Amino acid sequence: MKFTEDHEWLRPEGDVIVVGITEYAATQLGDVVYVELPEIETQVAKGDEIVVIESVKAASDIVAPIDGEIVEVNEALTENPALVNEDPMGDAWFFKIKVEDESALDDFMTEDEYKDHIGE
Amino acid sequence: MADTAPATENLKTLPLRALHEELGAQFVPFAGWEMPVRYGPGVMAEHLWCREKAALFDVSHMGQVMLPADEGAALEALVPMDIVGLSEGRQRYAFFTNDAGGLHDDLMIARHGDGLHLVVNAACAEADIAHLKAHLPAVDVLEGLALLAVQGPMAEAALSCLLPEVTGMRFMDARRMDWEGAALRVTRSGYTGEDGFEISMPAGVAEPFARALLADDRVAPVGLGARDSLRLEAGLPLYGQDLGPTISPVEAGLAWAIQKVRRTGGERAGGFPGADVILRQLADGASRRRAGLLPEGRAPMRAGTPLFEAAEGGAQVGHVTSGGFGPTLGAPVAIALLDAGVPSDATIFGEVRGRRLAARQAPLPFVPPGYKR
């Protein structure tokens, strides 16, 4: 599993990458009350704001960590946004993205590097 | 997700800073103060705790001022309220008006035997004090005080263990009390829509007082985050969002707070800044009105969301002044300013991220108040 500076985790699964937010990010956000997911089969570019996530207090965006095509989204989050707080690293994945070049993952942080990044 | 690194330099700290930290608070800058925004359980659980049990808030950032008891008439030159007729032991909601008929700030005024006790918003405190000093000779700005609020259906039961006298108070009563030798000013009021109390006390006794309250299982600390969602559900306006210099009290739905004696035909009618505008609006109506909104679906409509009467096209008919998620309702809620011509049963559309989402107009408050009248 790899990590971004924007507190996303990336887990390779076959020829796609599963993306979610870290426990640290979920804690910082607080109680999530609304999640808006991208359409499947959308081509996205790294940095595009593709998920809207709202806590009681404020709205935030999740950006595409990498260029690719959205092949699946986690509809369970639309029905139950609180899942983001309950299981951010597992059941509360946001989307699966198909990338051209899987070696692109090499550029992201390892778990140790991410822990340094958040000062743990 | 963008990192939000709050600037912590030059912030004023609460007398209970260390206790909040011990209780697991996360802090944010608010109105120049470092404030606990939430504790361990999070905003949702804290909000629901206040609706079901008793929540302890630290609102010591608010400004406190004393005026001599006989300054009621002079204060009436700044606020459209009946202060002369405010009885000893009672409190009243008030606002400072400006010449255009908008508001400088909203505040609470309590009459005690030793004078008028004012509580003003932290963000406006400096300007309010300057405004008061420009018009009144003896403005005593109180320093070294803490202000704690205990709110919720179990607030009376919990607070009466420390202050038995509170059981004899009703909504908007104000009393001076003594706790372990310290002089307190207690009002039966608050800003959550629940029954509850606000207690002004010397900063030095705030910690033992708070600890004594928190020792009660029914009491939990609640932060600024839940305070905002609680007041939003209760339909209580926030200065800087629902109230401001270009919004009149009539537009903001606060006509109820202007007593008859200060209205046209009253014994002390007018005589406050913007009286011509405000009294005319009371008689003829205003061009905008406040409305509650219940958005369909789950997407919150935040402050600033532009509002329309149609799902497509048409001119903007207003905007959201406060909006978010209401944990008690389990759904988004908003307070809006709408053009007066919009029918009160019309479906409203809020433009959120480029899409128009439907919302139903609803009477405020969204949750029934728990005040002990």
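Residues numbered from 1 in each chain as written. Chains lettered and ligands numbered in written order. Predicted model: local features only at pLDDT ≥ 70, side-chain atom pairs only at ≥ 80, totals over all residues. Heavy atoms only, no water.

Trainee: I'd like a rundown of the packing of aromatic side chains, residues and numbers included.
Mentor: Following the criterion strictly, the structure yields five aromatic pairs over all chains and no others. When the ring of Phe-3 of chain A is compared with that of Tyr-114 of chain A, the centres are 4.9 Å apart and the planes differ by 15°; the resulting orientation is stacked. Of the two residues, Phe-3 of chain A sits in strand 1 (residues 2-3) while Tyr-114 of chain A sits in helix 4 (residues 111-117), which places them 111 residues apart along the sequence. Accessibility assignment for this pair places Phe-3 of chain A and Tyr-114 of chain A in one class, buried. Measuring from ring centre to ring centre gives 4.1 Å for Phe-171 of chain B and Tyr-371 of chain B, while their planes differ by 10°; the resulting arrangement is stacked. (Phe/Tyr/Trp six-rings, centres within 6.5 Å; stacked < 30°, edge-to-face > 60°. Helix = DSSP H or I, 4+ residues; strand = E, 2+ residues; numbered from the N terminus. Buried < 20%, exposed > 50% of the residue type's maximum accessible area, 1.4 Å probe, protein only.)

Trainee: Which residues make up the domain arrangement of chain B, and what are the values?
Mentor: Residues and elements named next belong to chain B. For chain B, the assigned domains read domain 1 (1-286) and domain 2 (287-364). Taking the mean C-alpha position of each, domain 1 and domain 2 sit 27 Å from one another. If you look at the interface, domain 1 gives 19 residues, while domain 2 gives 19 residues. A buried area of about 1500 Å², summed over both sides, lies between domain 1 and domain 2, and 56% of it is on carbon and sulfur atoms. The three residues of domain 1 that bury the most area against domain 2 are Leu-232, Glu-233 and Glu-251, which together make up 37% of that side's buried surface. Applying the counting rule to domain 1 against domain 2 returns one salt bridge. With a closest N to O distance of 3.1 Å, Arg-288 and Glu-251 form a salt bridge. In this structure, the connection of domain 1 to domain 2 is made through 14 residue pairs in polar contact (both at pLDDT 80 or more). Looking at the side of domain 1 that touches domain 2, the elements with two or more residues in it are helix 2 (43-52) and helix 7 (224-233). (Domains from an automatic or database assignment. Contact = heavy atoms within 4.5 Å. Buried area = accessible area lost by both parts, 1.4 Å probe. Salt bridge = Lys/Arg side-chain N within 4 Å of Asp/Glu carboxyl O. Polar contact = N/O pair within 3.5 Å; in protein donor to acceptor, adjacent residues only side chain to side chain.)

Trainee: Quick one: what's the story with the packing of helix 2 of chain B against helix 7 of chain B, residue by residue and with numbers?
Mentor: Residues and elements named next belong to chain B. Axis separation between helix 2 and helix 7 bottoms out at 8 Å; the angle between their running directions is 55°. As far as their axial angle goes, helix 7 and helix 2 are oblique. Pair helix 2 / helix 7 crosses with right-handed handedness. Contacts from Val-43, Glu-46, His-47, Cys-50 and Arg-51 of helix 2 reach helix 7 at Gly-225, Ala-226, Ser-229, Leu-230 and Glu-233. Of the residues assigned to the contact of helix 2 with helix 7, the class counts are four nonpolar, three polar and three charged. (Axes fitted to C-alpha atoms, helices over the stretch in contact; angles between N-to-C directions. Parallel < 35°, antiparallel > 145°, perpendicular 65-115°, else oblique. Left-handed = near helix turned anticlockwise from the far one by under 90°. Nonpolar A, V, L, I, M, F, W, Y, C, P; charged D, E, K, R; others polar.)

Trainee: I'd love a proper account of the nonpolar core, names of residues and values included.
Mentor: Residues Leu-67, Leu-75, Tyr-93, Ile-109, Leu-118 and Leu-132 of chain B are the most contacted members of the largest nonpolar core, which totals 44 residues. Of all the elements in the fold, those that place two or more residues in this core are strand 5 (63-67), strand 6 (90-97), strand 7 (103-112), strand 8 (115-120), helix 4 (125-135) and helix 8 (275-284) of chain B. (Core = buried A, V, L, I, M, F, W, Y, C linked by side-chain atoms within 4.5 Å.)

Trainee: With reference to specific residues and values, describe the sheet that holds strand 4 (residues 54-58) of chain B.
Mentor: All names here are of chain B. With mixed pairing, the six strands of this open sheet are ordered in space as 11-12-13-10-4-14. Looking at which strands have only one partner, the edges of the open sheet turn out to be strand 11 (174-179) and strand 14 (219-221). If you compare each strand with its neighbour and ignore which way they point, the axes differ by 25° on average. Bridge analysis of strand 4 against strand 10 (residues 145-151) gives four bridges, and the strand direction is antiparallel. Across the sheet, Ala-55 pairs through a bridge with Gln-151, a residue of strand 10. Helix-sheet contacts for helix 6 (residues 203-214) involve strand 4, strand 10, strand 11, strand 12 (182-187), strand 13 (196-202) and strand 14, and the interaxial angle to strand 13 is about 145°. (Pairing = 2+ DSSP bridges.)

Trainee: Tell me about the pattern of salt bridges, and please be specific about residues and values.
Mentor: Counted under the stated rule, the structure contains 30 salt bridges over all chains. Note that Arg-211 of chain B and Glu-22 of chain B form a salt bridge whose closest N and O atoms lie 2.8 Å from each other. Of this pair, Arg-211 of chain B sits in helix 6 while Glu-22 of chain B sits in helix 1 (residues 17-22), and the two are 189 residues apart along the sequence. For Glu-22 of chain B, a relative accessible area of 53% corresponds to the exposed category. With its nearest N and O atoms 3.0 Å apart, the salt bridge here joins Asp-228 of chain B to Arg-231 of chain B. Pair noted here: Asp-228 of chain B and Arg-231 of chain B are both in helix 7, with a separation of three residues, about one helical turn. A residue is classified by how much of its surface remains accessible, and Arg-231 of chain B, at 3% relative accessible area, is buried. Each of the salt bridges in this network shares a partner with another, and the network as a whole consists of Glu-36 and Glu-54 of chain A together with Arg-302, Arg-353 and Arg-355 of chain B.

Trainee: An account of the side chain of Glu-54 of chain A is requested, with residue identities and associated values reported.
Mentor: Tracing the chain through its elements places Glu-54 of chain A in strand 6 (residues 49-55). On the accessibility criterion, Glu-54 of chain A (1% relative accessible area) is buried. Reaching out from Glu-54 of chain A, the side chain makes a polar contact with the side chain of Arg-302 of chain B at a distance of 2.7 Å. Among the polar contacts listed, one links the side chain of Glu-54 of chain A to the side chain of Arg-353 of chain B, at a separation of 3.1 Å. When residues no more than four places from it in sequence are discounted, the contact partners of Glu-54 of chain A are Asp-31, Val-32, Val-33, Tyr-34 and Ala-59 of chain A together with Pro-300, Arg-302 and Arg-353 of chain B.

Trainee: Describe in detail the pairing of strand 10 of chain B, supporting the description with residues and values.
Mentor: Residues and elements named next belong to chain B. Here strand 10 lies mainly inside the structure; six of its seven residues are buried. In the sheet, strand 10 pairs with strand 13 via seven bridges, with the strands oriented antiparallel. Paired with Leu-145 across the bridge in strand 13 is Pro-202.

Trainee: Outline the environment of Met-172 of chain B, listing residues and values.
Mentor: Residue and element names in this part refer to chain B. Counting through the fold element by element, Met-172 comes out in the loop between helix 5 (155-159) and strand 11. Each C-alpha atom, one on Met-172 and one on Ser-60, is 19 Å from the other, the two residues being 112 residues apart in sequence. If near-sequence neighbours (up to four positions away) are discounted, Met-172 is found in contact with Gly-89, Arg-90, Gln-91, Arg-92, Tyr-93, Met-108, Arg-188 and Ser-189.

Trainee: How would you explain the layout of surface pockets if you had to name every residue and give the values?
Mentor: Residue and element names in this part refer to chain B. Considering only enclosed or pocket space, the second largest pocket measures out at about 670 Å³ in volume. Lining the second largest pocket are 31 residues, and of these Tyr-93, Phe-171, Met-172, Trp-256 and Tyr-371 lie nearest its centre. Of the residues forming the lining of the second largest pocket, the biggest block, four residues, is contributed by strand 6. Among the residues making up the lining of the second largest pocket, the classes are represented as 17 nonpolar, nine polar and five charged. (1 Å grid on protein atoms, 1.4 Å probe; cavity = no way out; pocket = protein on both sides within 12 Å on 5 of 7 lines; lining within 4 Å. Points joined across faces, edges and corners; volume = space filled by probe spheres on them.)

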